[in-house]
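# Residue-level structural notes
In case you want the letters, here they are:
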Amino acid sequence: MTPHKPKVWPPISLHGGHTVAADGKATVADMVDAAARVGMQVFGLSEHFYRPREERFAYVTDTLGYDWGRESWPRFVEDVLEAKRKQTDGLRVLLGAEVEFIPGYLEWTLEQLEKWPLDYKVLSVHFVLVGEKAYAFDFGPNYWKKAATACGGPVGLYRRYYE
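Residues numbered from 1 in each chain as written. Predicted model: local features only at pLDDT ≥ 70, side-chain atom pairs only at ≥ 80, totals over all residues. Heavy atoms only, no water.

## Re the overall build of the protein
Each helix and strand counted, the protein has five helices and six strands in total. Reading the protein from its N terminus to its C terminus gives the helix and strand order β-α-β-α-β-α-β-β-β-α-α. For the protein, buried positions account for 42% of its 163 residues. Partitioning the intrachain contacts of the protein with sequence separation of at least 6 by distance along the chain shows that 63% fall at a separation of at least 24. Total accessible area on the protein stands at roughly 9,600 Å², and carbon and sulfur atoms take up 56% of it. (Helix = DSSP H or I, 4+ residues; strand = E, 2+ residues; numbered from the N terminus. Buried < 20%, exposed > 50% of the residue type's maximum accessible area, 1.4 Å probe, protein only. Contact = heavy atoms within 4.5 Å. Areas by Shrake-Rupley, 256 points an atom, 1.4 Å probe, with all protein chains shown as cover.)

Right under this line is the structure:
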C-alpha cells in the first residue's frame, strides 16, 4: 500500500507530539517515523510545558496524578533531541512547547522557557478567569458549559478568552 502523502505544501506540522499528557499515547520515535513515512519535511513536536503548581490552573490530568509536567518534560525534551540527532529521509525535527498563558505568571514562565533549547513555542489558553476563580473550558462539553455560565454565556466566554 502506498502511504498517504500530505496535501499541504510544504508538508509540515508544528503541533504534534503530546506523549505524556492525556491527549497522546505514541512515543516520539513512533511519531517521527510516521511523519517521515508520509513525506513530511518539517515535523515539530510540542508537549504541554510545565506550569506553576496552583490548584486553580490544574488540568484534568493533574487531578489524576499527572506530575504537572515537571518530571515528564525533561524526558520528552531528551527524546526529541535524540530524534533531531537522527534526522533522516529529508525530515527536519523541531522541539516545541505548548505554553499555557497564566495571568500573573508571565515572568516565571519566560524564565522557565529560557532553560530549554526550544525551536518554537505554541501559546495555549485552557482557562478563563472570573475574578480570582479559573474555569477550564478545553476538557469537554461540561467544562465548557460551566465556563460559559460563569462568563454570562458563550459570548462572554469568548470575550474573556481573547482578553
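## Structural notes on the packing of aromatic side chains
Within the structure shown, the criterion is met by eight aromatic pairs. A ring pair is formed by Y50 and W108, whose centres lie 6.1 Å apart and whose planes are at 80°; its orientation type is edge-to-face. Of this pair, Y50 sits in the loop between strand 2 (42-48) and helix 2 (72-85) while W108 sits in helix 3 (residues 106-113), placing them 58 residues apart in sequence. The class of Y50 is buried, set by a relative accessible area of 8%. For W108, a relative accessible area of 24% translates into the label partly exposed. Through a chain of ring-to-ring contacts, three or more aromatic side chains come together here, namely F49, Y50, W73, F76, W108 and W116. Note that K133 overlies the ring of Y135, its terminal NZ or CZ placed 5.0 Å from the centroid. (Phe/Tyr/Trp six-rings, centres within 6.5 Å; stacked < 30°, edge-to-face > 60°. Lys NZ or Arg CZ within 6 Å of the ring centre and 35° of its normal.)

## Concerning the environment of V128
The residue V128 is located in strand 5 (residues 127-130) in this model. On the accessibility criterion, V128 (2% relative accessible area) is buried. Not counting the four nearest positions on each side in its chain, V128 is found in contact with K133, A134, Y135, F137, A147, C151, L157, R160 and Y161.

## Notes on the nonpolar core
If you look at the biggest cluster of nonpolar residues, it comprises 21 residues, and the most contacted ones within it are V32, L45 and W73. Secondary structure elements with two or more residues in this core: helix 1 (28-37), strand 2, helix 2 and strand 3 (92-100). With five residues, the top contributor of residues to this core is helix 2. Listed in part, the seven residues of the second largest apolar core include V125, V128, F137 and A147. (Core = buried A, V, L, I, M, F, W, Y, C linked by side-chain atoms within 4.5 Å.)

## Considering the pairing of strand 3
Within strand 3, eight of the nine residues are buried, which leaves the element mostly enclosed by the surrounding structure. Where strand 2 and strand 3 come together, seven bridges link them in parallel fashion. Note that in strand 3 the partner of H48 across the bridge is E98. Where strand 3 meets strand 4 (residues 120-124), five bridges bridge the pair, whose relative direction is parallel. Note on strand 4: the bridge partner recorded for A97 is K121. (Pairing = 2+ DSSP bridges.)

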